[in-house]
Amino acid sequence: MTTQRIGLFSLLPLALLAASAQAKSADDFDVNSAKALVAAGDCVACHTGPGGKPFAGGLTMTTPVGDIYSTNITPDKETGIGDYSYEEFARALREGVAKDGHHLYPAMPYTSFAKINDEDMHLLYRYFMTQVAPVKQANRDSDIPWPLSMRWPLAVWNMLFQDSDRFKPDAGRSAEWNRGAYLVQGLAHCGTCHTPRGIAFQEKGSTERDADFLTGGTLEGWHAPDLTSNMKSGIGRWSVEEITQFLKTGQTAHSAAFGSMTDVIENSTQYLSDADLRAIAVYLRSLKSSDTSAAAPQANDAATTALTKGDVSHPGAQEYVDNCSACHGLNGKGYANTFPALAHNPAVLSDDPSSLISVTLRGSKMAVTGDKVTGLTMPGFAWRLDDEQAARVLTFIRSSWGNEAPKVEASEVSAIRKDIPHKELAQQPSLKP
C-alpha cells in the first residue's frame, strides 16, 4: 500500500506538468496561419459596413427580392458570435445555420465553406474568438418583404443545392494543384462570383468536374470573367506567373483588377503566401476551356491607323478619342503596369458587357497593395456619356484592334445605369449645363 501511494505522489508533478503543457498548447495556436485563412476567406470585406468596425457587419447586399445586411461576427456575446461553441460556428460556416437555428441566406458562401477541413475550421474559430475585438452592434433585419422573408424555404434550397462534403484531394494530382483546388473551391469561394447562377440563384457547379464552374457570372451589374482556359475571354493566354502577380498586386503588365475584385485583392489575396497564390494559379490554369473553339484574338491595326490619321468617322471613334485614348492609347494597348490594355483584354471580349458598361459609367479604382501603392482611379463617365454614346464607344472598343465581341446596345447601358445608386451618380457632375 505504501509503495503504491509513493508511486502516485511521485507521478503527480508529471501529471501537473503535462496538464500545464496541454493548456499552453491550447492557448498558443498558430495565429499567423489562422490570420492567413481569414484573409483567404475575405471575411472582412462582407462583414464590415461602410466606415464601420472590422467584422461588425452592416454591409448591404442586393438580392433579386430585396436587400440583406451582413451580420456581426465579432466575439461580442450579445450581438455577435461570442457565445457560439465550435460546433455552432462550424455549422454556420458549413451548413448556413445560425446558433438559434435560423437559416442564413446563401449570400453567405457556406456552399463553398463546407469544403473547409476540420483543422482549418478550428483555427478560424480560435482566431475569431481570441484575435478579433468584440463590437456591440445589433444586426439589421433584411428588407425582403413577407412572405419572401420566411427562412424555412432555405432548408429546401439546401436540400436541393448544398453539397456538404469536405474537400477531397485528388490522388492523381500534385500537392500544389490540390492546395489550389482547396482554396479556390473552399475558403476563397471564387465560384460565388465567377460561376453562373441558376434560376434558384444556385451556383451551377462547384468543382472542375462541373462544366459551368468558373465560366463567368454576373451580379449587380458586374460580370466576373471566365477563369477557365478559354483563349478569348478566359485566362487561357495568362501564364501561372501572371495570375500569381495579378492576385498579389491587382495588376499585370497589361491588365488590372476592377469592380469588387479590387476589394478581393486589397483585403484578401495580397496577404496570401506566394506558395498559395501559385497553387491557385496552377489550379486555375488546369481548368478546361469553357469554349474549346474560342481562338486568341489576332492583331489588327486598322483602328489605330485611322485614329492616328484623325479619322473618327467610325461610330464610337470620336467618343473614344475624347474620353479614353489619353489613358488607353490610340492603339488600345494602354501603358504597361499603369493603365490596362483594351486590345485583346478578356474582360472586353466577354459576351456579357456588364462589367465594361459598369466601369464606364461608375469608374473604378486599382487595388492598393504592398507592391502597388498608387491606386490609380478611372473616373465614371455617367455624367458625360448618355446611353447611346456609351453604347457606341463600347462597341467601338469591342470591335477594334482585333477584338471581336458583340455590339453593346443602348438598352443594356440604360438597364445598368438605372441600378447605380443615386448617391453615387450625384457625386459625378451633371450632364445638364
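Residues numbered from 1 in each chain as written. Predicted model: local features only at pLDDT ≥ 70, side-chain atom pairs only at ≥ 80, totals over all residues. Heavy atoms only, no water.

Undergrad: Mind showing me how you'd approach the side chain of T111 here?
TA: Relative to the assigned elements, T111 resides in helix α5 (residues 110-113). Judged by its relative accessible area of 17%, T111 is buried. Dropping the residues within four chain positions of it, T111 is found in contact with W157, Q162, D163 and E203. (Helix = DSSP H or I, 4+ residues; strand = E, 2+ residues; numbered from the N terminus. Buried < 20%, exposed > 50% of the residue type's maximum accessible area, 1.4 Å probe, protein only. Contact = heavy atoms within 4.5 Å.)

Undergrad: How should I be thinking about the confidence of the model for the protein in this particular structure?
TA: The predicted coordinates of low-pLDDT regions are not to be read in fine detail. On average, the protein scores 91 in pLDDT, and the residues at 70 or more come to 93%. Low confidence marks residues 1-26, where pLDDT is under 50. Its contacts with residues over four positions away, or in another chain, come to one contact. (pLDDT = per-residue confidence, 0-100.)

Undergrad: Please clarify how the environment of L214 should be interpreted in this entry.
TA: Within the secondary structure, L214 is located in the loop between α9 (191-194) and β3 (217-219). Separated by 130 residues in sequence, L214 and H344 place their C-alpha atoms 20 Å apart. Beyond its immediate stretch of four places on either side in the chain, L214 contacts V184, C190, G191, H194, T195, D226, L227, T228, L284 and L287.

Undergrad: Just to check I follow, could you spell out the domain arrangement of the protein for this structure?
TA: In many reports, interface size means the accessible area that the parts give up when they come together. Along its sequence, the protein is organised into domain 1 (31-161), domain 2 (175-286) and domain 3 (301-421). Here the C-alpha centre of domain 2 lies 22 Å away from the C-alpha centre of domain 1. Listed by partner, the interface residues are 21 residues for domain 1 and 21 residues for domain 2. Summed over both sides, the interface of domain 1 with domain 2 buries roughly 1800 Å², with 62% coming from carbon and sulfur. Our count for the contact surface shared by domain 1 and domain 2 stands at zero salt bridges. Those elements that place two or more of their residues in the side of domain 1 that touches domain 2 are α2 (31-41), α3 (43-46), β1 (60-63), α5, α6 (118-130) and α7 (153-161). Tallied by class, residues from the side of domain 1 that touches domain 2 come to 13 nonpolar, five polar and three charged. (Domains from an automatic or database assignment. Buried area = accessible area lost by both parts, 1.4 Å probe. Salt bridge = Lys/Arg side-chain N within 4 Å of Asp/Glu carboxyl O. Nonpolar A, V, L, I, M, F, W, Y, C, P; charged D, E, K, R; others polar.)

Undergrad: Looking at this structure, I do not really get the UniProt feature "binding site: heme c 1" (unreviewed entry) in the protein. What am I missing?
TA: Residues annotated in UniProt with the feature "binding site: heme c 1" (unreviewed entry) correspond here to C43, C46 and H47. Residue position: C43 is located in helix α3. Beyond its immediate stretch of four places on either side in the chain, C43 contacts V38, F55, I73 and F128. Along the polypeptide, C46 turns up in helix α3. We classify C46 as partly exposed; its relative accessible area is 31%. Each residue touching C46, except ones within four places of it in the same chain, is listed here: L59, M61 and S70. (UniProt positions renumbered as here; feature names shortened; annotations may be inferred.)

Undergrad: It is not clear to me how α6 should be interpreted in this structure. Could you clarify?
TA: Every α-helical turn comprises 3.6 residues, leaving residues that sit three or four positions apart pointing alike. For α6, with 13 residues, the first-to-last C-alpha span of 18 Å sits near the 18 Å given by 1.5 Å per residue. Buried residues of α6: D120, M121, L123, L124, Y125, Y127 and F128, and no others. Tucked inside the fold, the buried residues of α6 contact α2, α3, α4 (86-95), α5 and α8 (175-185). The backbone nitrogen of E119 lies 3.3 Å from a side-chain oxygen of the residue at the head of α6, namely N117. (Expected span 1.5 Å × (residues − 1). Polar contact = N/O pair within 3.5 Å; in protein donor to acceptor, adjacent residues only side chain to side chain.)

Undergrad: Explain the nonpolar core here, please?
TA: Within soluble globular proteins, side chains that are nonpolar tend to cluster in buried spots. Among the nonpolar cores identified, the biggest contains 57 residues, and L124, F128 and L284 are the most heavily contacted of them. For this core, the secondary-structure elements that each account for two or more residues are α2, α4, α5, α6, α8, α10 (240-249) and α12 (274-285). When residues no more than four places from it in sequence are discounted, the contact partners of L124 are L37, V38, F89, L93, I116 and L187. (Core = buried A, V, L, I, M, F, W, Y, C linked by side-chain atoms within 4.5 Å.)

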